[in-house]
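Per-entry structural report
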Amino acid sequence: MDPSTLVLSNSLQGAATLTIILAFAGYLVTFRSTRMMARRADRLRLVNERLNEFYGPLYVASQAGNIAYRSLLKKQGKKQSEPILDSEMKEWVLWMRTIFMPLNDIRERIIIENAHLIVEEEMPHCLLDFVTHVVGYKAVLSKWADGDYSERRSTIGWPPAFDFYVERSYKALKAEQTHLLHNSIWRLYHQLAKRKRR
């Protein structure tokens, strides 16, 4: 056997082995990156759903409610609504019926209908406290509709942690959404996906 044939045969075997190893390594890299991108896409879908259907609307309604509440207090020249004086009762009833309760109803509906979107494993107490606060006001407004103004506020007070929870959760999800959208690998994946669709 010719020694040059033997060297050539070994070179071809080495090249074939190297080709197989590189192909397998390429497959592993592609598999892992595809899996990573799919997980990232799933995470982004969940974050977007939470923002669009729960925390976003809850945050906007809460901010609107707080702005309206501060506006009413400013109009009345007060720092807090307690006590509601007899001279302020007509204005209080108007704001409760036309501004505060509609916003409360929106937030209550969001919490009840989309509770599956909360970030935590268990329902935060401040959300439950908010829903019971709203239910308490529904009883008060029912009395007002019958002409009984003996109660001026819900017997279940405003949950102080509610606004903090909503704002903190909304901002954390927006930060996560931004991170997921602006990662360089993610951008590259979207560019490649757009080219494949064309």
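My aim in this report is to walk through the structure given alongside it, one point at a time.

**Points about the overall build of the protein chain**
The helix and strand tally for the protein chain stands at five helices and zero strands. Along the protein chain, from the amino end to the carboxyl end, the secondary structure elements read α-α-α-α-α. Every one of the 198 residues in the protein chain was classed for burial, and the buried ones make up 31%. A sequence separation of at least 24 residues applies to 74% of the contacts in the protein chain between residues at least 6 apart. Within the structure as shown, the protein chain displays about 13200 Å² of accessible surface, and the carbon and sulfur contribution to it stands at 60%.

**Considering the pattern of salt bridges**
As enumerated under the stated definition, the model contains nine salt bridges in all. Residues Arg152 and Asp86 are paired through a salt bridge, measuring 2.3 Å at the closest nitrogen-oxygen approach. Taken together, the positions of Arg152 in the loop between α3 (125–145) and α4 (161–182) and Asp86 in the loop between α1 (3–76) and α2 (89–113) put the pair 66 residues apart, joining distant regions of the chain. Overall, Arg152 belongs to the partly exposed group, its relative accessible area being 23%. Here Glu167 makes a salt bridge to Lys171, at a shortest N to O gap of 2.7 Å. Here Glu167 and its partner Lys171 are both found in helix α4, four residues apart, which amounts to about one turn of the helix.

**Quick notes on the side chain of Ser154**
Relative to the assigned elements, Ser154 resides in the loop between α3 and α4. Of the polar contacts made by the side chain of Ser154, one reaches the backbone oxygen of His133; its length is 3.2 Å. Within polar-contact distance, the side chain of Ser154 engages the backbone oxygen of Ile156 at 3.1 Å. Contacts of Ser154, omitting those with residues within four sequence positions, involve His133, Gly136, Tyr137 and Val140.

**Some thoughts on the nonpolar core**
In this structure, Phe54, Trp92 and Leu127 are the most contacted members of the largest nonpolar core, which totals 35 residues. At the level of secondary structure, the elements contributing two or more residues to this core comprise α1, α2, α3 and α4. Once you skip the residues sitting within four places of it in the chain, Trp92 turns out to touch Leu72, Ser81, Ile84, Phe100, Tyr137, Trp144, Arg152 and Arg153.

**Some words on α4**
Here α4 contains 22 residues, and its C-alpha end-to-end distance of 32 Å stays within 8% of the 32 Å for a straight helix at 1.5 Å per residue. What α4 keeps buried is the set Phe162, Tyr165, Val166, Ser169, Leu173, Gln177 and Leu180. Buried residues in α4, looked at end-on, bunch into an arc of 95°, giving them a common side. Opposite its buried face, α4 presents the exposed residues Phe164, His179 and His182, each directed more than 90 degrees away.

**Here's the deal with the packing of α3 against α4**
Contact geometry of α3 with α4 gives a least axis separation of 9 Å together with a crossing angle of 125°. Taken together, the axes of α3 and α4 lie oblique to each other. The handedness of the crossing between α3 and α4 is left-handed. Between α3 and α4, the residues in contact are Cys126, Leu127 and Phe130 and Ala161, Phe162 and Tyr165, respectively. Residue classes in the contact of α3 with α4 are distributed as six nonpolar, no polar and no charged.

**What to know about α3**
Because an α-helix completes one turn every 3.6 residues, residues spaced three or four positions apart along the sequence face the same direction. Here α3 is 21 residues long and its end C-alpha atoms lie 30 Å apart, about the 30 Å a rise of 1.5 Å per residue gives. Those residues of α3 not exposed but buried are Cys126, Leu127, Phe130, Val131, His133, Val134, Gly136, Tyr137, Val140, Leu141 and Trp144. Just downstream of α3, Gly147 is the residue with a positive phi angle, here 90°.

**Observations concerning the packing of aromatic side chains**
Under the counting rule described, the total for this entry stands at 10 aromatic pairs. Judged by centre distance (5.6 Å) and plane angle (85°), the rings of Trp158 and Phe162 are edge-to-face. Grouped by ring-pair contacts, the aromatic residues Tyr69, Trp92, Trp95 and Phe100 constitute a single cluster.

What counts, and where the lines are drawn
- Residues numbered from 1 in each chain as written.
- Predicted model: local features only at pLDDT ≥ 70, side-chain atom pairs only at ≥ 80, totals over all residues.
- Heavy atoms only, no water.
- Helix = DSSP H or I, 4+ residues; strand = E, 2+ residues; numbered from the N terminus.
- Buried < 20%, exposed > 50% of the residue type's maximum accessible area, 1.4 Å probe, protein only.
- Contact = heavy atoms within 4.5 Å.
- Areas by Shrake-Rupley, 256 points an atom, 1.4 Å probe, with all protein chains shown as cover.
- Salt bridge = Lys/Arg side-chain N within 4 Å of Asp/Glu carboxyl O.
- Polar contact = N/O pair within 3.5 Å; in protein donor to acceptor, adjacent residues only side chain to side chain.
- Core = buried A, V, L, I, M, F, W, Y, C linked by side-chain atoms within 4.5 Å.
- Expected span 1.5 Å × (residues − 1).
- Arc of directions from axis to C-beta.
- Axes fitted to C-alpha atoms, helices over the stretch in contact; angles between N-to-C directions.
- Parallel < 35°, antiparallel > 145°, perpendicular 65-115°, else oblique.
- Left-handed = near helix turned anticlockwise from the far one by under 90°.
- Nonpolar A, V, L, I, M, F, W, Y, C, P; charged D, E, K, R; others polar.
- Phe/Tyr/Trp six-rings, centres within 6.5 Å; stacked < 30°, edge-to-face > 60°.

Keep in mind that these numbers describe shape and distance, not what the molecule does.
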